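Here is what each chain is made of, one letter per residue.
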Amino acid sequence: MHEIKMNRKKDKGFESPRPFKLTHQVVCINNINFQRKSVIGFVELTIFPTVVNLNRIKLNSKQCRIYRVRVNDLEAPFIYNDPTLEVCHHESKQRNLNYFSSAYTAAVSAVDPDAGHGELVIKVPSELWKQGDEMNVLKVYIEFSLDQPKGGLHFVVPDVEGSMAERGAHVFSFGYQNSTRFWFPCVDSYSELCTWKLEFTVDASMVAVSCGDLVETVYTHDMRKKTFHYVLPIPTAASNISLSVGPFEILVDPYMHEVTHFCLPQLLPLLKHSMSYLHEIFEFYEEILTCRYPYSCFKTVFVDEAYVQVSSYASMSIFSTNLLHSALIIDQTPLTRQCLAQALAQQFFGCFISRMSWADEWVLKGISGYIYGLYLKKTFGVNQYRHWIKEELDKMVEYELKMGGVLLHPTFGGGKDKDNPTPHLHFSIKHPHTLSWKYYKMFQCKAHLVMRLIENRISMEFMLQVFNKLLSLASTASSQKYQSHMWSQMLVSTHSFLKSISNVSGKDIGPLIKQWVDQSAVVKFFGSFAFNRKRNVLELEIRQDYTSSGTQKYVGPIKVTVQELDGSFNHTLQIEENSLKHDIPCHSKSRRNKKKKIPLMNGEEVDMDLSAMDADSPLLWIRIDPDMSILRKVEFEQADFMWQYQLRSIFLRYERDVVAQEESILALEKFPTPASRLALTDILEQDQCFYKVRQGACFCLAKIANSMMSTWTGPPAMKSLFTRMFCCKSCPNIVKTNTFISFQSYFLQKTMPVAMAQLRDIQNLCPKDVLNFILDLIKYNDNRKNKFSDNYYRAELIDALTNSLTPAISISNEVRTVDNLNGDVRLILEEITRSLNMEKLLPSYRNTITVSCLRAIRMLQKNGHIPSDPSLFKSYAEYGHFVDVRVAALEAVVDYTRVDRSSVELQWLLNMVQNDPAHYVRHKILSMLGKNPPFTKAAESPLCNEALVDQLWKLMNSGTSHDWRLRCDAVNLYYTLFGLTRPSCLPLPELGLVLNLKEKKAVLNPTIKPEQGPDTTEMTGNTMGVHIPVMGFTSSLDEGLITMETVSSVSMSSGVAPPPQGLKRKLDSVVGPLGSSPPEPGQVLQEEDSSKKFKIRFNTMEEDEIDMESPHDSQAFIHHHLNILERPSTPGKEPPAVDQAVLSLPVTPLPSSFSKESTSSSKHSGHHHHHHEHKKKKKKKHKHKHKHKHESKDKERDSHAFSNSPASGRSVRSPSMSD
């Protein structure tokens, strides 16, 4: 009892949720078989116990088959149980998402390493911990194998001729957040650091790339295999360890020899070009952080079928091979550089510096995103940086307003409201593994925006000093040997981060953190103004909406910039609780004369024509919060002339604020006037204007032209401009040969035709001369003299054709054939067909043209020009095509499914989600179905039926247990289609009998009370003290729970009934080396009277450390109750003894005897008492959680039946499990 209490106290500090400290781990994989897609190896963990008598070691391991476990050379019994394999058990007929979410959170918590839990529980042999108090080091040795892993490791084996190396077969680790447990047993937490030794034996033609320094490569005697030995002396979390094996070509970076790049065969030239820039990113980060790159080497590996574009691990990053490009490609270059910069930023913050807990994730994501932003600013310029910030802010604000908020620092307290800080979401944010992918993306986005707000508050200089301080503390700690208490300096927490900010800057950023980090939601402002001429004052009114979803109230300073005739002035207003109106004094008097030199922000003076202005007012324009220093959405009303001045004059300013220009372009769409038209054409002609602003102006001009259709004069918008810029002088309808030397004009040349195609005439058709103009551009396109590829430009021209399509005018009962196509459409179709066929012969980079053609064909179908038919798209979506093409084709199939309400296609898509080899494609299908759902919970649809509900339920319940991201995608889709409650298309659950067809049995409805012993109330009260193992049965047939029909001839005494053949092998692998010997420690045999079934139940709860954290609405619970209901619950009837050793207690008629008074024989009797109260509370809470009353009643009623069986009560123990 004493050591338990001691142990509990220890949990309070950060020390560790585990009763041991991991100091070193060896991973040795001695066989990787590409044919069978299997891996065999062992791990060895060096552990220092931090408690006296450490008798249980919990580790994480998923989908590994474990053969044997030894602790200090002694065989150790173990229990393997993974509750996330099947979240809700099949007995449960529940189909509502609320129920699933709480069950899923419970399952993930039950094995959460941050709470000290794990799927693998090893019992330390008693010889080791009975020796006394000396703290011996334990070496835990585990042999394991993986067969056709569904997650964690991805095998890519192309189906072509030749040896594995010739085929380019490779394997790499992947995963979202801590997923290392998928490929070797470990403590899969970001807060448990240790040093590593990694050994991989592979075919001689392959290369193994892993974390740390390659110490040596040893060939076997026959020279057919070689072993790569890596050592990582810097303490690192298991979650940051990775592996990649393949026939890679190797490039040592010419500028930095400690950096090595790996790519698949034949891609070396692309690798050389794409990586030629990496050293500059290194130099930039080392310079701003004033700190060297923390590892002694860095490796980049480019693989096919990557899970995400970039995954960062200690001293190496795995990238998608699609990021590689040659010198001919323009559009991909900045994207690839951005990916490299992100990966490197995460090396410093994320890999080298890890986090204490999931609640501190925002600090790492925020810092790495913030320094990546600084890199963007330096490389791509301030305009690109501000554009990116605006883009990220808009994306995030839109998501928060729609979903109801993103919480950066979730704290889970004891209060009712605290337990779920985000009740507006349909998933829990307690674990990274329960988050929706979109939410996680927005979370990262918000994190770096908040870092920028902190920088605004304390200055960039202090910000970089804080980062430097974190890094230098960590690097000092990392060089300490085995003084593992020092290593916690390498973990960052919200608290330590904020503390170092206040130490370095001396400023209190508490309110800022409270507003943006500790609570979710954004601010929504509405602004309007009036000019009071008598007082020469601008009366500004700023209102807030803080009642609708995802919004919060803002109190604090806000900056307003007012451009007047005499110059630009900044005002800081204080937004109080309820003040709306602010008076801002004006510096300039209004001028009657109309021409005037106006001083701007940077001191330049410019001429402006002021004739459009209100004669009485000296104001040119007003901007609220121009620096985006609040996470907000601003809707501001000002007269249209003000937006035009803002747009036209700001680009003459020296700093040319991109954000202001983009805002005014958006606003000008509402003011279709000749003046707006002039302002926009002006911008298109300005070479020094930021290219993205000019691209935006193209689309805005098209919209304005469509609104001014009747009054528009001259040629179609942008046509004369395009002709002047890009066409021959002598023959204006022929485009010049391409030279994309100026990227500015390249992007404009790409965008203009796409925008022009949106123009419409009075009949709402695309004007004939615009369509012919675009077809001519395609026809006369000549790229022979260009040093760059024109594939993106050609793809945009096809997008332009797509944009020009309008719905077909249908003549009744006319059959659509190619012959009676409208002439223009026919030209478009021919052009698309030609491009698609050309692509087969000469594919373009990343198949951009195929992608555009597929989109165009879907548009033709949707507009009714050609018959709607998904078969073309389905053939392009097959595995083997380039990933971008597959995604484009799948998008078309998803759209077809919605428009045509086709259950066949929906079925086809869902089959693909289950069976496609590429993880990214599965994820895309589910997220596209979520964005463009075949139906929603609001509308009735023939697609919504019980079979679909069951299929999706099965998919998220057990079909996606190997990939966290996919499971959360499935949950999202389920939510989009059916909402949180029971789907409307399901029949109502019956009241009298609940029939369970799978189990062929009926369960009485809880409203009908069965006969019970005399003292019902006392019984239910007392059994709350009995510990009911939660994790015991939560696993699916595969791994945790094996059910066997018994053969009547098998007598009870023979120990375990022989399993059916199919289960035999699985059973062996679970039970360990002792296959069918009498029950192993931790396994209890239990027989059920009525249905003659045996269950081997793995009892994973420990006596002294019962998991009080995971809520008791775990499905295991319900599932087990349903099983027990069939046993007659007459008191006094005792199940036949299984084994005298197991049942060492006298038979007693009432379960109340299991309460603490009578079990004096049990050593830990006091322990029951310890949690008695706690359990009661849990039960109560449980009742509130479920809408369905009958479930909770079931629970109350059977808890006594449950404790009646020898296998259930914690007070009955098999001798091997007891102390």
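Being a predicted model, the structure only gives us computed values, none of them experimental. (Residues numbered from 1 in each chain as written. Predicted model: local features only at pLDDT ≥ 70, side-chain atom pairs only at ≥ 80, totals over all residues. Heavy atoms only, no water.)

1. Here we look at the overall build of the protein
Step number 1: Across its full length, the protein holds 34 helices and 36 strands.
Step number 2: Pairs at least 24 apart in sequence give 72% of the contacts found in the protein among residues at least 6 apart.
Step number 3: About 49,500 Å² of surface is accessible on the protein, with carbon and sulfur atoms providing 54% of the total. (Helix = DSSP H or I, 4+ residues; strand = E, 2+ residues; numbered from the N terminus. Contact = heavy atoms within 4.5 Å. Areas by Shrake-Rupley, 256 points an atom, 1.4 Å probe, with all protein chains shown as cover.)

2. Structural notes on unusual backbone geometry
Step number 1: A positive phi angle is found at Q177, which is not glycine, with a value near 60°.
Step number 2: If you trace the backbone, Q177 turns up in the loop between strand 10 (170–173) and strand 11 (193–203).
Step number 3: Backbone geometry places N536, a non-glycine residue, at a positive phi of 50°.
Step number 4: By secondary structure assignment, the location of N536 is in the loop between strand 23 (523–532) and strand 24 (537–544).

3. Let's talk about the pairing of strand 15 (residues 243–246)
Step number 1: The alternating pattern of strand 15 places L243 and V245 and S244 and G246 on opposite faces, both of which are buried.
Step number 2: As paired elements, strand 12 (residues 207–210) and strand 15 share 4 bridges and run antiparallel to each other. Counterpart to A208 in the pairing with strand 15 is V245. (Buried < 20%, exposed > 50% of the residue type's maximum accessible area, 1.4 Å probe, protein only. Pairing = 2+ DSSP bridges.)

4. A short note on the sheet that holds strand 2 (residues 38–49)
Step number 1: Within the open sheet, the 8 strands sit side by side as 5-4-8-2-1-11-14-13. Their pairing is mixed. Across the chains shown, the open sheet's two edge strands, defined by having one partner strand only, are strand 5 (74–75) and strand 13 (213–219).
Step number 2: Sheet topology note: the strand 1 (residues 20–33)/strand 2 ladder contains 12 bridges and is antiparallel. In the sheet register, V26 faces strand 2, and the bridge partner there is E44.

5. As for the packing of aromatic side chains
Step number 1: Under the criterion given, the structure shown has 46 aromatic pairs.
Step number 2: Ring centres 6.2 Å apart and planes at 15° place the aromatic pair Y440 and F443 in the stacked group. Of this pair, Y440 and F443 both sit in helix 10 (residues 437–458), 3 residues apart, which is roughly one turn of that helix. Across the pair, F443 and Y440 agree in class, each one buried. (Phe/Tyr/Trp six-rings, centres within 6.5 Å; stacked < 30°, edge-to-face > 60°.)

6. Here we look at the sheet that holds strand 3 (residues 56–59)
Step number 1: Reading across from one edge, 3-7-6 is the order of the 3 strands in this open sheet, with antiparallel pairing throughout. Only two strands of the sheet have a single neighbouring strand rather than two, namely strand 3 and strand 6 (78–80). Between one strand and the next, the sheet's axes are offset by a mean angle of 15°, whatever the strand orientation.
Step number 2: Across 4 bridges, the pairing between strand 3 and strand 7 (residues 120–123) is antiparallel. Paired with I57 across the bridge in strand 7 is I122. (Axes fitted to C-alpha atoms, helices over the stretch in contact; angles between N-to-C directions.)

7. Quick word on the confidence of the model for the protein
Step number 1: Confidence in the prediction of the protein, expressed as mean pLDDT, is 80, and 75% of residues score 70 or more.
Step number 2: Within the model, pLDDT remains below 50 along residues 991–1219, and this stretch shows 377 contacts once partners closer than five positions in the same chain are excluded. (pLDDT = per-residue confidence, 0-100.)

8. So, the pairing of strand 10
Step number 1: Burial of strand 10 is two-sided: the residues H170 and F172 facing one way and the residues V171 and S173 facing the other way are all buried.
Step number 2: In terms of strand pairing, strand 9 (residues 153–156) meets strand 10 through 4 bridges, oriented antiparallel. Each bridged residue has a counterpart across the sheet, and for V156 the counterpart in strand 10 is H170.
Step number 3: Both strand 10 and strand 15 contribute to a ladder of 2 bridges, which runs antiparallel. Across the sheet, residue V171 finds its bridge partner in strand 15, namely V245.

9. Section: helix 10
Step number 1: Its 22 residues give helix 10 an end-to-end C-alpha distance of 32 Å, which sits within 8% of 32 Å, the value for a rise of 1.5 Å per residue.
Step number 2: Of all 22 residues in helix 10, 17 are buried, a share of seventy percent or more.
Step number 3: Following helix 10 by one or two positions, S459 adopts a phi angle in the positive range, close to 85°. (Expected span 1.5 Å × (residues − 1).)

10. With respect to a positive patch on the surface
Step number 1: On the surface, K402, K438, K441 and K931 cluster together to form a positively charged patch.
Step number 2: Its place among the elements puts K441 in helix 10.
Step number 3: Taking relative accessible area as the criterion, K441 reaches 44% and is therefore assigned partly exposed. (Patch = residues over 30% accessible without salt bridge, like charges linked within 9 Å, V, L, I, M, F, W, Y side chains within 5 Å. Salt bridge = Lys/Arg side-chain N within 4 Å of Asp/Glu carboxyl O. Lys, Arg positive; Asp, Glu negative; His and termini not counted. Charge placed at Lys NZ, Arg CZ, Asp CG, Glu CD.)

11. As for the nonpolar core
Step number 1: Counting 323 residues, the largest nonpolar core has I122, Y285, F349, W362, I454, F467 and F497 as the members making the most contacts within it.
Step number 2: With 19 residues, helix 8 (residues 361–403) is the largest single contributor of residues to this core.
Step number 3: Not counting residues up to four positions away in its chain, the partners in contact with F349 are L289, L364, I367, S368, I371, F467, L470 and L471. (Core = buried A, V, L, I, M, F, W, Y, C linked by side-chain atoms within 4.5 Å.)

12. Brief notes about the side chain of R922
Step number 1: Inspection of the secondary structure assignment puts R922 in helix 27 (residues 919–931).
Step number 2: Nearest to the buried, unbridged R922 among oppositely charged side chains is D916, at 5.7 Å.
Step number 3: Not counting the four nearest positions on each side in its chain, R922 is found in contact with M912, V913, Q914, N915, D916, H962 and L966.

13. Things to note about a nonpolar patch on the surface
Step number 1: A cluster of nonpolar side chains, contributed by M838, L841 and L842, occupies part of the molecular surface with about 330 Å² of accessible area.
Step number 2: Following the sequence through the fold, M838 ends up in helix 22 (residues 823–841).

14. Comments concerning the pattern of salt bridges
Step number 1: Going through the model one piece at a time under the given rule, you end up with 42 salt bridges.
Step number 2: The closest approach of N and O atoms between R846 and D884, which form a salt bridge, is 3.0 Å. Residue R846 is located in the loop between helix 22 and helix 23 (848–862), and its partner D884 is located in helix 25 (residues 883–900); the two are separated by 38 residues in the primary sequence.
Step number 3: Residue R846 is classed as buried on the basis of its relative accessible area of 14%.

15. Side note on helix 19 (residues 743–756)
Think of an α-helix as 3.6 residues a turn; residues three or four steps apart then line up on the same face.
Step number 1: Between its terminal C-alpha atoms helix 19 stretches 20 Å, which fits the 20 Å expected from 14 residues at 1.5 Å a residue.
Step number 2: In terms of burial, helix 19 is largely enclosed, as 11 of its 14 residues are buried.
Step number 3: Listed as buried for helix 19 are Y746, F747, L748, Q749, K750, T751, M752, P753, V754, A755 and M756.

16. A word on the environment of D253
Step number 1: Counting through the fold element by element, D253 comes out in the loop between strand 16 (249–252) and strand 17 (259–263).
Step number 2: On the basis of relative accessible area, D253 is assigned to the buried category, the value being 1%.
Step number 3: Each C-alpha atom of the pair D253 and S276 lies 7.9 Å from the other, and the pair is 23 residues apart in sequence.
Step number 4: Once residues lying within four places of it in the same chain are set aside, the contact partners of D253 are V259, H261, M275 and L278.

17. Observations concerning the packing of helix 22 against helix 23
Step number 1: For the pair helix 22 and helix 23, the least separation of the axes is 9 Å and the interaxial angle reads 150°. Relative to helix 23, the crossing made by helix 22 is left-handed. In this structure, helix 22 contributes V825, L829, I832, S835, L836 and E839 to the contact, and helix 23 contributes T848, I849, T850, C853, A856, I857 and L860.
Step number 2: Its residues placed into classes, the contact of helix 22 with helix 23 shows 9 nonpolar, 3 polar and 1 charged. (Left-handed = near helix turned anticlockwise from the far one by under 90°. Nonpolar A, V, L, I, M, F, W, Y, C, P; charged D, E, K, R; others polar.)

18. Description of the packing of helix 8 against helix 10
Step number 1: At a minimum axis separation of 4 Å, helix 8 and helix 10 run at an interaxial angle of 120°. Judged on the interaxial angle alone, helix 10 and helix 8 are oblique.
Step number 2: Tallied by class, the residues present in the contact of helix 8 with helix 10 amount to 19 nonpolar, 4 polar and 9 charged. (Parallel < 35°, antiparallel > 145°, perpendicular 65-115°, else oblique.)

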